[in-house]
Amino acid sequence: MNLLLHSCPPLRFSVRLLQPPSHSSRFTPTRSSLPFPPQKAKHYKELEAAVDAVQRACSLCIDVKRSLFSGDGRILEKNDRTPVTIADFGVQALISLELSRSFPSIPLVAEEDSGFLRSNPLNSTGDGGYSSNFLVDSVLSAIIDKASAQDEPLTHDIVLDAIDRGGKDSLAFGVKPATYWVLDPIDGTRGFLKGNDALYVVGLALVVDGEIALGVMGCPNWPGDSLTIKEASGEALEAKTGTSGPGVIMVAHVGCGTWKKRLPEMLGSVNAIHDSWVRCFVDGCSLVYQACFCIPESHTWDSLPLSLFFSSTTDADGIANEREVLLLQTCCGSLCKYLMIASGRASVFIQQARQQTVIKVWDHAVGMICVHEAGGQVTDWKGSQLDLAADQLGRRVIIPSGGVLVTNGILHQQILEIISSSSPVV
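What you see is a predicted model; the values in this text were computed from it and never measured.

Novice: I would appreciate a short explanation of the nonpolar core in the present structure.
Specialist: Soluble, globular proteins show a tendency: their nonpolar side chains are buried together. The biggest cluster of nonpolar side chains holds 63 residues, and the ones touching the most others in it are Ile 95, Trp 181 and Phe 192. Considering each element in turn, this core owes the most residues, 13 residues, to helix α1 (residues 44–68). Once residues within four sequence positions are removed from consideration, Ile 95 is found in contact with Ala 53, Val 54, Ala 57, Leu 183, Val 202 and Leu 204.

Okay, structure coming up:
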């Protein structure tokens, strides 16, 4: 999206073959110090490892996307009809491998599992083995030069097991507070597939004893910070600049704030000029009608309680009165909207809970800490904190009352009161 700007229409994909990306050398990320000292951050080493893993994953995404749109490509479709690519599986395998090397005792909760790869009939060898499984070959090829040096060569089995380490059947937690990683390998897969002007995010968080301790978001095509709100709701960024933007990596640690840095600098780009972290803060908007709003692509403004009091427009120059708000048509997924709130580009993200849609923890966890540490607020529609342990066994689902409300903090109570006065929250 350029800022954010295009809503993603429903897409359907056929299965086409994607040649594994060609690689010339092993990826070596530029190790960059964090923007605060180790003595200030209890989980400094975990955050260092998370930043390293996410930047490796962003490099993988860039390579796979380049292959996807430059030649024959395989776009896969899971049973739930959500489009998924080699990048989703590759990122999960890669980050799982990197984290397990440094913190083998910390489990992983993630979106994917290897069932699709193992059962895809188009790639069965006929003997139950995976030595010639093209899909697994593609995932292996995508990660092999992104991963740290391994004690043993990467194999199909190692990659599949790494994916399954975060799968739904990997472990059961129980009712006690737990420590675990939460990963969304690619949030906004439709954006990944849509083109250069649509945002997608690699999101990783660490939950310690039931509380989010740190988070890292990598957005390889995040536009430069010079983009204004007027531009964000108008022409496509790609059309304006000929590029999808420099990309960004955002980090947050409890008590240490939220920070961002251009992704090319993290990847050691030869074009990098500056090499510094920038502190992130939410915006200072205090009036609802002056706020910039984000909603999920699956929602319409009329379906939300605020529509009883405010109409919406996507034209920044077209706001007619104090009963109209600016709606940014962000594409695609939830985490890019959290990124926008945390960086001060939007004021509010509101999501309604629906019976037919389960709200997954990986769509929110890393965004929650980035917004909190930037000065914002995240609750359900009753103003209660989101319960990460609502799903006691899997820690994979959250059950917010009414839905999720993310704001700059200043507007939070006002919007809660609007929601409360317009409809009962169940």
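After that view, the rundown keeps rolling.
Novice: What am I meant to see in the sheet that holds strand β12 (residues 324–328) here?
Specialist: Adjacent strands of a sheet form backbone hydrogen bonds with each other and so pair up, either parallel or antiparallel. Ordered in space as β11-β12-β10-β13-β17-β15, the six strands form an open sheet in which the pairing is mixed. Bordering the open sheet on either side are β11 (311–313) and β15 (377–380), each of which pairs with just one other strand. Geometrically, the sheet is characterised by an average inter-axis angle of 30° between neighbouring strands, direction not taken into account. With three bridges connecting them, strand β10 (residues 292–294) and β12 associate as parallel partners. Along β12, the bridge assignment pairs Cys 292 with Leu 326.

Novice: Quick question: what am I supposed to make of the side chain of Glu 324 here?
Specialist: Relative to the elements of secondary structure, Glu 324 occurs in strand β12. Buried and unpaired, Glu 324 has Arg 323 as its nearest opposite-charge partner, separated by 11 Å. Setting aside its immediate chain neighbours within four residues, Glu 324 contacts Tyr 289, Phe 310, Ser 311, Ser 312, Thr 313, Gly 318 and Ile 319.

Novice: Just checking my understanding: could you explain the packing of aromatic side chains for this structure?
Specialist: Two numbers describe a pair of aromatic rings. These are the distance of the centres and the angle of the planes. Tallied over the entire structure, the rule returns seven aromatic pairs. Summarising the aromatic geometry, the rings of Phe 192 and Tyr 200 are spaced 4.9 Å apart at their centres and angled 85° between planes, so their arrangement reads as edge-to-face. Assigned by exposure class, Phe 192 and Tyr 200 land together as buried. Their ring planes at 85° and their centres at 5.7 Å tell us that Tyr 338 and Phe 349 sit as a pair that is edge-to-face. Here the residue Tyr 338 occupies a position in helix α10 (residues 335–342), and Phe 349 occupies one in strand β13 (residues 348–352), the gap between them amounting to eleven residues. Judged on exposure class, the residue Tyr 338 and its partner Phe 349 are both buried. The ring of Phe 192 is capped by Lys 65, whose NZ or CZ atom sits 5.6 Å from the centre of that ring.

Novice: Looking at this structure, how should I read the sheet that holds strand β8 (residues 257–262)?
Specialist: Read from one edge to the other, the open sheet built from seven strands follows the order β3-β4-β5-β6-β7-β8-β9, with strand pairing classed as mixed. Looking at strand neighbours, the two that pair on one side only are β3 (108–110) and β9 (278–280), the edges of this open sheet. Adjacent strand axes in the sheet meet at a mean angle of 20°, parallel and antiparallel pairs treated alike. Here six bridges tie strand β7 (residues 248–253) to β8, and the two strands are oriented antiparallel to one another. Its bridge partner being in β8, Ile 249 is matched across the sheet by Lys 261. Across the sheet, α10 is in contact with β4 (180–187), β5 (201–208), β6 (211–219), β7 and β9; its angle to β5 comes to roughly 80°.

Novice: Help me out: how do you make sense of α1 in this one?
Specialist: Within an α-helix, residues lying three or four positions from one another point in the same direction, as the helix has 3.6 residues per turn. The end-to-end C-alpha distance of α1, which contains 25 residues, comes to 36 Å, matching closely the 36 Å that a straight helix rising 1.5 Å per residue would cover. With 21 of 25 residues buried, α1 is to be regarded as a mostly interior element.

Novice: Sorry if this is basic, but what is going on with helix α5 (residues 156–164) here?
Specialist: Among all positions in α5, only His 156, Val 159, Leu 160, Ala 162 and Ile 163 are buried. Angularly, the buried residues of α5 cover 160° about the axis, an arc narrow enough to put them on a single face.

Novice: Would you mind going over the pairing of β12 with me for this structure?
Specialist: Consecutive residues of a regular strand have side chains that alternate between opposite faces of the sheet. Most of β12 is tucked away, with five of its five residues classed as buried. Residues Glu 324, Leu 326 and Leu 328 line one face of β12 and the alternating positions Val 325 and Leu 327 line the opposite face, and both faces are buried. Bridging between β11 and β12 involves three bridges; their strand directions are parallel. Looking at the pairing, Thr 313 lines up with Leu 326 of β12.

Novice: Hey, could you run me through the pairing of β6 in this one?
Specialist: Across the nine residues of β6, eight count as buried, placing the element largely inside the fold. Where β5 lies against β6, seven bridges are found, and the strand directions are antiparallel. If you follow Leu 204 over to β6, its bridge partner there is Val 216. Bridge analysis of β6 against β7 gives six bridges, and the strand direction is antiparallel. Bridge pairing links Gly 218 to Ile 249 in β7.

Procedures and definitions
Residues numbered from 1 in each chain as written. Predicted model: local features only at pLDDT ≥ 70, side-chain atom pairs only at ≥ 80, totals over all residues. Heavy atoms only, no water. Core = buried A, V, L, I, M, F, W, Y, C linked by side-chain atoms within 4.5 Å. Buried < 20%, exposed > 50% of the residue type's maximum accessible area, 1.4 Å probe, protein only. Helix = DSSP H or I, 4+ residues; strand = E, 2+ residues; numbered from the N terminus. Contact = heavy atoms within 4.5 Å. Pairing = 2+ DSSP bridges. Axes fitted to C-alpha atoms, helices over the stretch in contact; angles between N-to-C directions. Lys, Arg positive; Asp, Glu negative; His and termini not counted. Salt bridge = Lys/Arg side-chain N within 4 Å of Asp/Glu carboxyl O. Phe/Tyr/Trp six-rings, centres within 6.5 Å; stacked < 30°, edge-to-face > 60°. Lys NZ or Arg CZ within 6 Å of the ring centre and 35° of its normal. Expected span 1.5 Å × (residues − 1). Arc of directions from axis to C-beta.

It is worth stressing that arrangement in space is one thing and function is another; only the former is reported here.
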